Structures are given as C-alpha cells and as structure tokens.
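# Structure assessment
As a plain string of letters, each chain reads:
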Amino acid sequence: MSDTKKFLYVNRRAPYGTIYALESLEVVLIGAAFEQDVSLAFLDDGVFQLTKGQKTDGLGVKNFSPTFRALGDYDVTKLYVEKESLEERGLSEADLQEIMYEDEDDDWEEKPSIRIVSRAEMVDIMSDQDVVLSF
Amino acid sequence: MATLHTVNKSPFMTQTLLSCINHAKDGDAILMIEDGVYGGMAGTGLSDAVAAKAASLNICVLTEDLEARGLDAGRLVEGVSAVGYDGFVDLVAETDRTQAWL
C-alpha cells in the first residue's frame, strides 16, 4: 500500500448550528474505508464538537458525539485538539469526552485518541499532510 | 513544502482570516477570494495584522473578485498583491497542498 496518503480533516465549527460537523464525521467514516492515514484536527469552534454530555433530545436532532468513540474501530486514532482554541473558549481537556482506541501494535492496549496540541504543533501537523479537507 | 491557504469569507463577519494567518507557516501563500478579498484592503481594523505577515507569507487577492466589488489593487495593504485566475492556478501548481479556510 505505497499509495497511502496522509489526510487531515480540519474541523472549525460548533456541532449543531450548521450541518458541517456531522457531514465531516460522515466523510471521515467513508474515507476510513479506503485505508488512508487519517487524522482529525479540531480548532476554533471545532473544539465544541468534542465536549462531553451532549444531549440533543430536546432539539430532535441526532446526537452524533458518541460516533467519535467508534472512530478507533476504523483505525482513525489521531484526534488533534488545539490547546489555545480550548482556552479561548474557557474549556480544558476535562470538558471533552474520553475517546479510546485499542493499539494493535501494543497488545491491544487502550490508548487515548485525543491529543492536545499547541497552535505551533498544529501548524506543523497541517503542513505535514498530502490532503487537507476543511469543514 | 508550502501550503496555499484560501480564505473566502469577509474578515469582518468571521475570524477565519485571523485563524488562517495564525496557522500559516513562513513561505506559505494566502489567497483571498470571494468575500475574503475585503481582508486585503488597506485602512481597515485588520490591515495591521495582514501587513505584519506580508513579508513572511505570499499574500494575494483575486483580481476578479476585487473588481466585482468595485475595488482595485491600489486599495490593498502594502505587500499584498493582486492575481488573476491564471495566478490562482500558478499558486495551486507551485504549492504542495491547498487548505481551504471555509
């Protein structure tokens, strides 16, 4: 599989005000079937997508936040969250849901998929990709 | 390994241009298109932030979108250049990836 490419899905919008966040997740799941090297980036309002305790019964729309926890089964295990974006919104890692994956190269040990990175690290992650898709 | 960043929203409506500027690496290109072209104008509240990056980034504005809005290249921040569709194509070809800031 030498033609594996690095795909980064950039999420910059909050979850329910527009359809972008849900559509991004749908595209990630579709893309995962093609066995590419997939990462997700959450910055600006995108960090709101990962907050825990989302409850949408009252809105009558699908709460898609649990779907993030299924990404590990599709080998999508790199969810980069920008620290500055969290802080600007009064959030910390403790406000985010726990998303784990089983590392097949390490005796199926459970590891966190969410990786908090600085803005400078995010710049490097973005510039290390073959394809960047924005939502 | 440079990136072409495109910005298509007015910087007075969203934070997108600022976020883009803060995530661009030295040597990258930023092309303002559609309502994004307002971000290239001199004499606005954002001109200083754009001017501060004009040396380390290649900041461009799409001429056709400028003209459609009654603006011309003389109104741009110093160091920001106007390019046409052919220049847009050149930027895509010269860079390693394109990141659309929606």
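Below you will find a few notes about this structure.

Cut-offs used in this document
Residues numbered from 1 in each chain as written. Chains lettered and ligands numbered in written order. Predicted model: local features only at pLDDT ≥ 70, side-chain atom pairs only at ≥ 80, totals over all residues. Heavy atoms only, no water. Helix = DSSP H or I, 4+ residues; strand = E, 2+ residues; numbered from the N terminus. Rg over C-alpha atoms; globule rule 2.2 N^0.38 Å. Buried < 20%, exposed > 50% of the residue type's maximum accessible area, 1.4 Å probe, protein only. Contact = heavy atoms within 4.5 Å. Lys, Arg positive; Asp, Glu negative; His and termini not counted. Charge placed at Lys NZ, Arg CZ, Asp CG, Glu CD. Pairing = 2+ DSSP bridges. Axes fitted to C-alpha atoms, helices over the stretch in contact; angles between N-to-C directions. Buried area = accessible area lost by both parts, 1.4 Å probe. Salt bridge = Lys/Arg side-chain N within 4 Å of Asp/Glu carboxyl O. Nonpolar A, V, L, I, M, F, W, Y, C, P; charged D, E, K, R; others polar. Phe/Tyr/Trp six-rings, centres within 6.5 Å; stacked < 30°, edge-to-face > 60°. Lys NZ or Arg CZ within 6 Å of the ring centre and 35° of its normal. Patch = residues over 30% accessible without salt bridge, like charges linked within 9 Å, V, L, I, M, F, W, Y side chains within 5 Å. Areas by Shrake-Rupley, 256 points an atom, 1.4 Å probe, with all protein chains shown as cover. Polar contact = N/O pair within 3.5 Å; in protein donor to acceptor, adjacent residues only side chain to side chain.

### A short note on the overall build of chain A
Within chain A one finds three helices and seven strands. Secondary structure elements of chain A occur, N-terminal to C-terminal, as β-α-β-β-α-β-β-β-α-β. In terms of overall dimensions, chain A is globule-like: its C-alpha atoms have a radius of gyration of 15 Å, near the 14 Å expected for 135 residues. If you line up chain A on its principal axes, its C-alpha atoms span 45 × 30 × 30 Å. Burial status across chain A gives 45% buried among its 135 residues. In chain A, of all internal contacts separated by at least 6 residues, the share reaching a separation of at least 24 is 78%. The centroid of the 14 positive side-chain charges in chain A is displaced by 6 Å from the centroid of its 29 negative side-chain charges.

### Structural notes on the sheet that holds strand β3 (residues 79–82) of chain A
Residues and elements named next belong to chain A. The sheet built from five strands is open, its strands ordered β6-β3-β2-β1-β7 with parallel pairing. In this open sheet, the two edge strands, each paired with only one partner strand, are β6 (114–117) and β7 (131–134). Averaged over all pairs of adjacent strands, the angle between their axes in this sheet comes to 25°, without regard to strand direction. Relative to strand β2 (residues 37–42), strand β1 (residues 6–11) is paired through six bridges, and the arrangement is parallel. By the bridge assignment for β2, leucine 8 is matched with serine 39. Of the strands in this sheet, β1, β2, β3, β6 and β7 touch helix α3 (residues 119–126), which is tilted by about 140° from β3.

### Some details on the interface of chain B and chain A
Between chain B and chain A, the contact holds 13 residues from the first and 16 residues from the second. When chain B packs against chain A, the two sides together hide about 1300 Å² of surface, and 48% of this comes from carbon and sulfur. Where chain B packs against chain A, one counts one salt bridge. Put simply, lysine 25 of chain B and aspartate 124 of chain A hold a salt bridge, and the shortest N to O gap is 2.3 Å. Of all the elements in the fold, those that place two or more residues in the side of chain B that touches chain A are α1 (16–23) and β5 (97–101) of chain B. In terms of residues, the side of chain B that touches chain A owes the most to one element, β5 of chain B, which gives five residues. Of the residues contributing to the side of chain B that touches chain A, the split by class is three nonpolar, seven polar and three charged.

### Quick notes on the environment of leucine 62 of chain B
All names here are of chain B. Within the secondary structure layout, leucine 62 lies in strand β3 (residues 58–62). Look at leucine 62 and you get buried, because its relative accessible area is 2%. Taking the C-alpha atoms as reference, leucine 62 lies 15 Å from alanine 42; in sequence the two are 20 residues apart. Apart from the residues lying within four places of it in its own chain, the contact partners of leucine 62 are Leu31, Met32, Ile33, Val37, Val83, Gly84, Tyr85 and Phe88.

### Some points on the packing of aromatic side chains
Residue and element names in this part refer to chain A. Across all of its chains, the model carries four aromatic pairs over all chains by this definition. Ring-pair connections join several aromatic residues into one group, and the members of that group are Tyr16, Phe42, Phe64 and Phe68. For arginine 13, the ring lying beneath its charged end belongs to tyrosine 20, and the centroid distance is 3.9 Å.

### Overview of a negative patch on the surface
A contiguous patch of negative charge on the surface is contributed by Glu35, Asp73, Asp75, Glu98, Glu102, Glu104, Asp105 and Glu110 of chain A. Within the fold, aspartate 75 of chain A resides in the loop between β2 and β3.

### A word on the side chain of serine 134 of chain A
With respect to the secondary-structure elements, serine 134 of chain A resides in strand β7. Only 2.5 Å separates the side chain of serine 134 of chain A from the backbone oxygen of alanine 100 of chain B, close enough to count as a polar contact.

### Comments concerning the sheet that holds strand β1 (residues 3–7) of chain B
Residues and elements named next belong to chain B. Spatial ordering of the open sheet is given by β4-β3-β2-β1-β5, a layout of five strands whose pairing is parallel. In the strand order of this sheet, the two ends are held by β4 (81–83) and β5, each with one partner. Across the sheet, the mean angle separating the axes of adjacent strands is 30° when strand polarity is ignored. As defined by bridge partners, β1 adjoins strand β2 (residues 29–32) across four bridges and the pair is classed as parallel. Bridged to valine 7 within β2 is methionine 32. Packed on one face of the sheet, α1 meets β1, β2 and β5 and runs near 170° to β1.

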